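Secondary and tertiary structure notes
Here is how the chains run, residue by residue.
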Amino acid sequence: MPRKSHLFTSESVSEGHPDKVSDQISDAILDAFIENDVKLGIADESLVNTRLGCETLTTTNKIVIAGEGRGQAPFFKNYGSKAVVNRELITEIAREVVKDIGYDQDGFSYHGADVEVLLHGQSPDIAMGVDAKKKKGAEQEGAGDQGMMFGFACTESEVYEKNSFMPAPIYFAHKILKVLSDQRRSKKLFDLQPDSKSQVTVKYVDGKPVGCTKVVVSTQHNATSRNGKKYTPSMVKDLIGDAVASALPKDWMPARESDFLVNPTGNFVVGGPDGDCGLTGRKIIVDTYGGYARTAAAPSRARTRPRSTARPPMPRAIWPRTWSPPASPNAARSRWPTPSASPTRCRFWSICTAPARSTKPSSRRFWPSFSRCGRPISAARSSSTGRSIAAPPPTAISAVRRKRTAASPGKRPTSPTRSVAPSNNGRRHTPPSTGVEFADGRIMDAAVMHSGSHKSGSYKDDGLEGGGFAAGDRAFFGRRKGKRLRTHQAHLLETLLPQLAVNLASPAPADLTTLFAPGAQEVRLEIGFRGGEHLIAEAQRHPQVGYIGVEPFVNGMAKALAAIEKHEMTNIRLHQGDAAEVLAWLPDDALARIDLIYPDPWPKRRHWKRRFVQDRMVSALARVLRPGGVFRFASDIADYAAWTLIRFLRSPSFEWTAEKAADWQAPWPGFDSTRYEAKAKREGRAPCYLTFRRRPAAKVGAR
């Protein structure tokens, strides 16, 4: 029985706490799998439905998702006996969660964080223990694991919210943070950031909660207010004081002002995963009853039934419940504890605890227990299918389809001829899957457009002097020849190409305009010009500009040579081979512009190191571009566009020139569309046009 008079403290953390960010990502992935099962009508078919154990780690601009599971397309695809997860789709789900929480900061943002997906198929040994088997004419489903947990419910919060059944300390700790979150999202508390924590000490008299003796709130905030004044803890306290008081019953705030503490350790500017590493399942006390009752002994994870060690629900393991579908698609994954339909209970019941045990043999065993009023209890299955402590079962989760994004599955055109750079000294890169907002709904956030404030991790050179490529480095991966050339095309390769080819065996002239006819005012480089449509059109439009075109694919080079011969052009020089060779040959500050138009996106994860845009390549481009020079990038693959944006924004040598969405959604003035762009538009992919300006040397040093 509870003591008559005492104090009890419980703690809650907000949706922006690093551990809760991890929880919500894991749960959102689980939700998506279950929604897919509901959509396919297989939610209750144990031999094919979803099984998932999903762990997430979050830290500074990094999200790692690992675990094992089973699911249907589009989340899993079978290749022989191996189940392969759709990493792009999982990445998109994670980014949507981070965006919904509200993280768009230098150290952690939904568009800037690298996402690494390490999910794999379920172990056959575990699957064997879970699969339903027919015994005595009925199917019995195995637990697949052993676990012990407790369900709990009480009536303390019923006075303030019907059907909540929570202890007062954790109930009000949650409510304070929910009020702060709601007002942050509505912009009423504009300067708050997502990460926060609360502690509430409740005084009990004769076993009943009567008020708070101490309230502690730590909340992340901007460094300065909108009028430029630096925040102090007392200013933050004044900012949130009314909101905190509104979350508590009348006269429940501590009597002494000193017992209401806000950011007691000082300012709280750096927070979330940027300030502390987050991991799924570390907030089991917050997720349950705030230490007021027994809970599971081990950290929890997002798991499907019939796995047994998910977050113990409140009070789902106590009485059979009647579940109601969520009012909105996100209700099943609410970040706050949500009341659900009333359990059937004894009218004398006020506090109830019941263990729910599952064990590995082929049938799951539920052990009867007794409430404190002596009434027998049928312990229900303990599993979590959402972010709320009292989440509904899988069948109640809305099957609303997620908005299709660049990370959704679908055919992506690939070319075997594009140039890409090697990985950075073996470091693994994980590209973002979203970012720029395309006309078809794909997103690259516009909030990072202002130049000079985009940091997605510290910038590091790759160990090469001058930040460029060394002899022998590769930037091209792919085949070099396609269909058999026509006779005249082969003749042009033998005769015209040697006349136009730059001589990499000799040092580059200090003034590149000497490579062209007299009158050339500047030199531009186009990397991977494919069939030469854009290169030829640019050279015709600007006869006073010298152009160097690089293309390793023989057939593309032959087409360009035919066009050069036809129009008798004298302001183009060519290199058939690797762009890295030309970049290593070029002198410093030699080019006015570099174009990379529709490069191969290399969409498979194992091929990302082959993408042309890598940190080392950005350094090499910065070396050969003169201050004020421009690098232009066009792609219809949002994944690659976001990848490129992140790598240029974290370089101190470049600034993004965009000021509004149309600057990257609309083609550059005078841009000549290519056949690859026409194909992308036919297939429903909206192109993206990024422009980066080379910073002057003084500004690079200042950064």
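This text goes with the structure placed above it.
Residues numbered from 1 in each chain as written. Predicted model: local features only at pLDDT ≥ 70, side-chain atom pairs only at ≥ 80, totals over all residues. Heavy atoms only, no water.

**Some words on the overall build of the chain**
Within the chain, the regular secondary structure consists of 15 helices and 24 strands. Classification of the 703 residues of the chain by burial places 58% in the buried group. Look at the contacts in the chain between residues 6 or more apart in sequence, and 78% of them connect residues 24 or more apart. Per element, the accessible surface of the chain, about 29700 Å² overall, is 52% carbon and sulfur. (Helix = DSSP H or I, 4+ residues; strand = E, 2+ residues; numbered from the N terminus. Buried < 20%, exposed > 50% of the residue type's maximum accessible area, 1.4 Å probe, protein only. Contact = heavy atoms within 4.5 Å. Areas by Shrake-Rupley, 256 points an atom, 1.4 Å probe, with all protein chains shown as cover.)

**Digging into helix α8 (residues 533-541)**
What α8 keeps buried is the set His534, Leu535, Ile536, Ala537, Glu538 and Ala539. Looking at the buried side of α8, the elements it contacts are β18 (522-527), β19 (545-550), α9 (554-567), β20 (572-575), β21 (591-597) and β22 (625-635).

**A closer look at the nonpolar core**
Within soluble globular proteins, side chains that are nonpolar tend to cluster in buried spots. By size, the foremost hydrophobic cluster in this structure holds 46 residues, and its most contacted members are Leu525, Leu586 and Phe631. Discounting residues that sit within four places of it in the chain, leucine 525 has contacts with Ile548, Val550, Val582, Leu583, Leu586, Leu591, Arg593, Ile594 and Asp595. (Core = buried A, V, L, I, M, F, W, Y, C linked by side-chain atoms within 4.5 Å.)

**Some points on the pattern of salt bridges**
Evaluation of the coordinates by the stated rule reveals 32 salt bridges. Between glutamate 15 and arginine 184 there is a salt bridge whose closest N-O contact spans 3.0 Å. One end of the pair, glutamate 15, is in the loop between β1 (6-13) and α1 (18-40); the other, arginine 184, is in helix α4 (residues 168-185), with 169 residues separating them in the sequence. Judged by relative accessible area, glutamate 15 falls into the buried class, the value being 2%. Within this structure, Glu522, Arg524, Glu538, Arg541, Arg593, Asp595, Arg626, Arg632 and Asp672 form a network of salt bridges that share partners. (Salt bridge = Lys/Arg side-chain N within 4 Å of Asp/Glu carboxyl O.)

**Structural notes on the sheet that holds β20**
Taken in spatial order, the seven strands of this open sheet run β20-β19-β18-β21-β22-β24-β23, and their pairing is mixed. If you trace the sheet from one side to the other, it starts and ends with β20 and β23 (654-656), each paired once. Here the average twist between neighbouring strands, direction ignored, is 20°. For β22 and strand β24 (residues 688-694), the ladder comprises six bridges, and the chain directions are antiparallel. Counted as the bridge partner of valine 630 is arginine 693 from β24. (Pairing = 2+ DSSP bridges. Axes fitted to C-alpha atoms, helices over the stretch in contact; angles between N-to-C directions.)

**Description of the sheet that holds strand β12 (residues 260-262)**
Within the open sheet, the four strands sit side by side as β1-β10-β11-β12. Their pairing is mixed. The open sheet is flanked by β1 and β12, the only strands paired with a single partner. Pairwise comparison of adjacent strand axes, ignoring direction, gives a mean angle of 15° for this sheet. Together, β10 (192-205), β11 (208-221) and β12 form the strand contacts of helix α5 (residues 233-247), whose direction differs from that of β12 by roughly 125°.

**Topic: the packing of aromatic side chains**
As enumerated under the stated definition, the model contains 19 aromatic pairs in all. Look at phenylalanine 671 and tyrosine 689: their rings are 5.7 Å apart centre to centre, the planes differ by 70°, and that puts the pair in the edge-to-face class. A residue pair is termed long-range when its members are at least 10 positions apart, and phenylalanine 671 in the loop between α13 (662-665) and α14 (675-682) and tyrosine 689 in strand β24 qualify at 18 residues. Of the residues examined, phenylalanine 671 reaches a relative accessible area of 13% and is grouped as buried. The lysine or arginine in question, arginine 632, covers the ring of tryptophan 668, its NZ or CZ lying 4.3 Å from the ring centre. Positioned above the aromatic ring of tryptophan 643 is the side chain of arginine 647, whose terminal nitrogen or guanidinium carbon lies 3.5 Å from the ring centre. (Phe/Tyr/Trp six-rings, centres within 6.5 Å; stacked < 30°, edge-to-face > 60°. Lys NZ or Arg CZ within 6 Å of the ring centre and 35° of its normal.)

**Brief notes about α5**
The end-to-end C-alpha separation of α5 is 20 Å, in line with the 21 Å expected for 15 residues at 1.5 Å each. Maximum bend of α5: about 45°, positioned at isoleucine 240. Residues of α5 that are buried: Val236, Lys237, Ile240, Gly241, Ala243, Val244 and Ala247. The elements touched by buried residues of α5 are α4, β10, β11 and β12. (Expected span 1.5 Å × (residues − 1). Bend = angle between axes of the 7 residues up to and from the residue.)

Read these as geometric descriptors, not functional statements.
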